[in-house]
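A structural walkthrough
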Amino acid sequence: MKQPAMFADRMELCGNTDLYIDRCRRLLECSDMLMLLELGGHRAAIWGHGLSASDYSSEGLHIRGEIRAIELDGGL
């Protein structure tokens, strides 16, 4: 059975300092307090302090810094 597209994307949080995101479609906003991402028809807001993005490619994204909250919407 094929998984729905929303389950093909994955986020892995390591402590409160490293977040790995598979197949990030678009980085909509990038600041040291907010990273706004588009993930397969959904949006995720990553809130924190001293945030930075690295390893941005079609395969994924790595966010570092003090991660304080992750908000997921219900879809676009």
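Below or above, wherever it landed, is the structure these notes cover.

Cut-offs used in this document
Residues numbered from 1 in each chain as written. Predicted model: local features only at pLDDT ≥ 70, side-chain atom pairs only at ≥ 80, totals over all residues. Heavy atoms only, no water. Salt bridge = Lys/Arg side-chain N within 4 Å of Asp/Glu carboxyl O. Helix = DSSP H or I, 4+ residues; strand = E, 2+ residues; numbered from the N terminus. Contact = heavy atoms within 4.5 Å.

1. Focus: the pattern of salt bridges
With the rule as written, the count across this model stands at five salt bridges. One salt bridge connects E38 with R26, and the closest N-O pair in it is separated by 3.9 Å. Residue E38 is found in strand 4 (residues 34–39), and its partner R26 is found in strand 3 (residues 26–30); the two are separated by 12 residues along the sequence. Connected through shared salt-bridge partners, R10, E12 and D22 make up one network.

2. Focus: the environment of E71
Secondary-structure assignment places E71 in strand 6 (residues 60–72). On a C-alpha basis, the gap between E71 and L36 in space is 9.5 Å, while along the polypeptide they are 35 residues apart. Setting aside residues up to four positions removed in sequence, E71 forms contacts with R43, A44, A45 and W47.

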